[in-house]
Amino acid sequence: MRLPVPAIDGRSMGYSVDEALEQTRQNLKRDLPWFAGAKHPVKKHFIVVGGGPSLLDQIPQIRARHKKGVIVACNGAANTLIKHGIKPEFIAYMDPTPAMTMYVGQHVGATYLVASMCHPDLFEALKLRRVILWHADFDLDAQREVYKETTRPYLMIPGAGTVCMRMLNLGYFAAYRSFHLYGVDSSYKEPGKDHAYAKPDGIEPEPIKIGMKDKEYLCSPWMVRQAEEFKKEYKVFVAELGCRITAHGDGLIPD
């Protein structure tokens, strides 16, 4: 599956495929373990937490769900969870820009799932922490040329253009079959309320209105794309792979 290079929450930041490939080339040289997947199905829930505005309303439900599974918090969602006493097992990044370093907080005991395309500054910010490198497919033909430079076996994770969506595929390769999404709204709660936290990496693009049945949603363009990608992912995971996916909270994707 060939995708544009993911950027912050799916927004275009002017990052080219060549830049992402060069960062990948640098990061493959790092002495880090690589995500290799798992063979035996895991009965626990795989809980993907994004930074959508419904996240704050879902804290009690996430805390209860956490007893049944593991949490992978994406980008700034980890800081929000920790402020509320919830410690995610995993924190995931895929965006190739240096802005991701702004989300690095005091995440005691977490394992960081960092895509090989991520900026070297992010790896430097995490150099004293446990990091697992994973490989996101964004231009497979071009990536094959870069990966020829290593003799290590690798697993390429396909999927949609945002880190929350991509974590569904990574979770599947990790042998999880029950998925729960929180804070993956793909819409604003109200004008100006696009995330559960103040984003340090700039404001959202001008929102557009999307109608579905009798409701209307304010969405950044990348949110609309994420919702469309979710529809496709959902069909594959449920109809073809026999998994269960539940999107909790309010917003375009949960609705």
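Residues numbered from 1 in each chain as written. Predicted model: local features only at pLDDT ≥ 70, side-chain atom pairs only at ≥ 80, totals over all residues. Heavy atoms only, no water.

(A) Layout of the sheet that holds strand β5 (residues 130-136). Taken in spatial order, the 8 strands of this open sheet run β6-β5-β4-β3-β2-β1-β7-β10, and their pairing is parallel. Edge strands, defined here as strands with exactly one partner in the open sheet, are β6 (156-157) and β10 (244-247). In the sheet, strand β3 (residues 90-93) pairs with strand β4 (residues 111-115) via 4 bridges, with the strands oriented parallel. Across the sheet, residue Ala92 finds its bridge partner in β4, namely Leu113. (Pairing = 2+ DSSP bridges. Helix = DSSP H or I, 4+ residues; strand = E, 2+ residues; numbered from the N terminus.)

(B) Inspection of the environment of Ala78 at higher detail. In this fold, Ala78 is placed in helix α3 (residues 77-83). Given a relative accessible area of 0%, Ala78 falls into the buried group. A sequence separation of 28 residues divides Ala78 from Gln106, and the C-alpha atoms of the two residues are 9.5 Å apart. Residues contacting Ala78, with those up to four places away along its chain left out, are Ala73, Pro88, Ile91 and His107. (Buried < 20%, exposed > 50% of the residue type's maximum accessible area, 1.4 Å probe, protein only. Contact = heavy atoms within 4.5 Å.)

(C) Expanded view of unusual backbone geometry. The phi dihedral of Ala175 is positive, around 80 degrees, even though this residue is not glycine. In this fold, Ala175 is placed in the loop between α6 (163-173) and β7 (176-182). For Ala175, a relative accessible area of 1% translates into the label buried. Of note, the phi angle at Ser186 is positive, near 65 degrees, even though the residue is not glycine. Along the chain, the position of Ser186 falls in the loop between β7 and β8 (208-212). By relative accessible area, Ser186 is classed as buried at 4%.

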